[in-house]
Amino acid sequence: MRHSTRGQVDPFIVMDVMEAAQRAEAQGRHIIHMEVGQPGTPAPEGARRALAGALDQPLGYTSALGLPTLRQGIADLYRRWYGVDLDPGRVVVTSGSSGAFLLAFSALFDAGDKVAMGFPGYPSYRQILKAMSLEPVGIQTRPEDRYQPRPTDIPDGVQGLILASPGNPSGTVLNVPELRALTDAAQAKGVAVISDEIYHGLSYGDRCHSALEVTDEVFVVNSFSKYFSMTGWRIGWMVVPPEQVRTVERLAQNMFICPPHASQIAALAALDCADEAEANLAVYAENRRLMLQELPKAGFDRIAPPEGAFYIYADVSHLTDDSVALAAEILEHAGVAVTPGLDFDPVRGGQTLRFSYARATADIAEGLRRLTEYMARR
Ligand SMILES: Cc1ncc(COP(=O)(O)O)c(C=O)c1O
């Protein structure tokens with residue numbers, strides 16, 4: 001059978017780590033999961049109840065851009081979170097933020113176009129781009145810049161730039177002047193900006209700032225997956241400039257027909273479940289405190305300031321050049337699954353690891369105990 005070259009994307013290494021961890025569990029071992037980038041908690045109770053109450057409805061197709069009530073609810077969130085007055089007509093409900101990337105890249109770029117992004121960064125950006133015959137261009141960010149790109153880093157000859165704040169794997173956040181400088185520099189070069197804001201709500205100091213606070217010339221991507229604890233429900237959204245709405249609508253009609261109706265009902269109710277989401281955030285905050293206290297004792301002391309999300313990205317160049325082997329060794333001997341940095345940075349990721357602290361605090365405490373004990377006897 002023939003196959004395309006653009007379809008030959010790299011595997012998501014964290015998935016391979018998860019499988020290795022599951023194999024170990026099948027053999028009866030107890031593994032602490034610091035590799036997975038998802039909450040261990042269910043969707044908010046209000047969301048689950050709303051769906052249960054809707055199960056007798058036909059739940060057929062909705063309009064391609066999503067339920068009007070949900071688009072309005074998301075626009076209201078922008079007023080609450082950022083003080084931004086957003087026209088719900090600019091909100092596009094999507095099949096997770098992953099669906100939003102397909103729509104954004106299709107609306108903005110032609111085959112062969114180049115799209116820049118900071119390394120380390122979320123691996124699927126570059127794989128989705130490749131699968132769409134677009135060319136990812138990595139920017140080597142610096143630890144002293146909290147692994148975020150500088151305006152002067154935007155390469156010549158690119159058509160797009162992906163920003164991520166809080167970033168995955170770094171957890172680092174762009175402040176308002178940084179967002180303004182980056183979006184201004186991109187606009188001056190005629191570069192379209194896509195701002196990935198899917199970890200908003202999960203911050204441990206000041207609130208996160210949206211690119212929409214500094215410009216309307218941006219595609220903002222967000223999701224119910226993380227703050228609202230709804231990864232498997234596959235529901236996210238995108239805010240686009242007014243003149244792009246019809247283009248995105250036509251693409252959404254043809255690519256997806258509509259985002260999942262059942263999940264839209266649950267997501268609408270989740271918007272009113274701030275108490276539960278904030279309770280989850282309090283658990284992450286405690287986990288983060290423990291991680292920052294204990295990881296250095298295990299020898300992982302070169303870490304990016306984790307201002308948001310639920311990750312810590314550690315430079316382990318003093319320990320190894322082969323993060324895949326180190327992660328395998330830690331899984332084997334300490335019973336803790338962690339993610340090698342190669343997923344996030346194909347150039348320098350051999351010397352980094354990502355630790356996720358999205359699980360229950362007792363698990364995080366046990367994982368840290370095991371890591372400290374193993375690294376001391378290694
Ligand atoms: C930075 C970033 N963007 C996007 C996604 C995809 O999320 P979703 O579940 O909304 O498709 C993830 C998932 O981990 C992520 O870390």
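Please read these numbers as outputs of a predicted model, since none were measured by experiment.

### Details of the site of the ligand
Every one of the 14 residues lining the ligand counts as a neighbour, but Ser98, Asp196, Tyr199, Ser225 and Arg234 are closest to it. Lys226 has a polar side-chain atom sitting 2.7 Å from an oxygen atom of the ligand. In this structure, Arg234 approaches the ligand through a side-chain N or O atom, which is 2.7 Å from an oxygen atom. When the ligand sits alone it has 400 Å² of accessible area, and the protein chains cover 92% of it. Broken down by element, the residue count for the shell around the ligand peaks at four residues, all from helix α4 (residues 96–108). In the shell around the ligand, the residues fall into five nonpolar, six polar and three charged.

### A few points about the pattern of salt bridges
All chains considered together, the criterion is met by 19 salt bridges. The partner of Arg289 in a salt bridge is Glu286, with the nearest N and O atoms 2.9 Å apart. With Arg289 and Glu286 both in helix α9 (residues 274–294), this residue pair falls three residues apart, about one helical turn. Note on Arg289: relative accessible area 41%, which makes it partly exposed. Glu286 sits in the partly exposed class, given a relative accessible area of 30%.

### Side note on the domain arrangement of the protein chain
Looking at the protein chain, the domain boundaries give domain 1 (13–42 + 275–377) and domain 2 (56–272). A separation of 26 Å is found between the C-alpha centroids of domain 1 and domain 2. Counting residues at the interface gives 31 residues for domain 1 and 28 residues for domain 2. Between domain 1 and domain 2, roughly 2500 Å² of surface is buried when both sides are summed, and carbon and sulfur atoms account for 57% of that area. Looking only at domain 1, the three residues that lose the most surface to domain 2 are Glu307, Phe344 and Arg348, adding up to 23% of its buried area.

### Section: the sheet that holds strand β12 (residues 352–356)
With antiparallel pairing, the three strands of this open sheet are ordered in space as β9-β12-β11. If you trace the sheet from one side to the other, it starts and ends with β9 (311–315) and β11 (339–340), each paired once. Across five bridges, the pairing between β9 and β12 is antiparallel. In the sheet register, Tyr311 faces β12, and the bridge partner there is Ser356.

### Observations concerning the pairing of strand β6 (residues 192–196)
Two faces belong to every sheet, and in a regular strand the side chains alternate between them. Counting buried positions along β6 gives four out of five residues, so the element sits mostly inside the fold. In this sheet, β6 lies alongside strand β5 (residues 160–164) in parallel orientation, the contact comprising five bridges. For Leu163, the partnering residue across the bridge sits in β6 and is Ser195. Note on the crossover from β5 through helix α6 (residues 176–188) to β6: the handedness is right-handed. Examined bridge by bridge, β6 and strand β7 (residues 219–223) share three bridges and lie parallel to one another.

### Observations concerning helix α7 (residues 245–255)
Residues Val245, Val248 and Ala252 constitute the buried set of α7. Across the axial projection of α7, the buried residues extend over an arc of 65°, all falling on one side. On its buried face, α7 sits against β2 (91–94), α4, β7 and β8 (236–239).

### Digging into empty space enclosed by the protein
In this structure the tally under the stated criterion is two cavities of 30 Å³ or more. Lining the largest cavity are 15 residues, with Gly118, Pro120, Gly121, Gln148 and Ala164 sitting closest to its centre. Listing elements by their share of the lining of the largest cavity, those giving two or more residues are β3 (114–119) and β5. Sort the elements by how many residues they give to the lining of the largest cavity and β5 lands first, with three residues. Here the second largest cavity is characterised by a volume of approximately 30 Å³. Along the walls of the second largest cavity sit Ala64, Val93, Thr94, Ser95, Leu103, Ala252, Phe256, Cys258 and Pro259, which together make up its complete lining. Of the residues that constitute the lining of the second largest cavity, the class distribution is seven nonpolar, two polar and no charged.

Calculation criteria
- Residues numbered from 1 in each chain as written.
- Predicted model: local features only at pLDDT ≥ 70, side-chain atom pairs only at ≥ 80, totals over all residues.
- Heavy atoms only, no water.
- Near = heavy atom within 4 Å.
- Polar contact = N/O pair within 3.5 Å; in protein donor to acceptor, adjacent residues only side chain to side chain.
- Areas by Shrake-Rupley, 256 points an atom, 1.4 Å probe, with all protein chains shown as cover.
- Helix = DSSP H or I, 4+ residues; strand = E, 2+ residues; numbered from the N terminus.
- Nonpolar A, V, L, I, M, F, W, Y, C, P; charged D, E, K, R; others polar.
- Salt bridge = Lys/Arg side-chain N within 4 Å of Asp/Glu carboxyl O.
- Buried < 20%, exposed > 50% of the residue type's maximum accessible area, 1.4 Å probe, protein only.
- Domains from an automatic or database assignment.
- Contact = heavy atoms within 4.5 Å.
- Buried area = accessible area lost by both parts, 1.4 Å probe.
- Pairing = 2+ DSSP bridges.
- Right-handed = clockwise from strand over helix to strand, strands pointing away.
- Arc of directions from axis to C-beta.
- 1 Å grid on protein atoms, 1.4 Å probe; cavity = no way out; pocket = protein on both sides within 12 Å on 5 of 7 lines; lining within 4 Å.
- Points joined across faces, edges and corners; volume = space filled by probe spheres on them.

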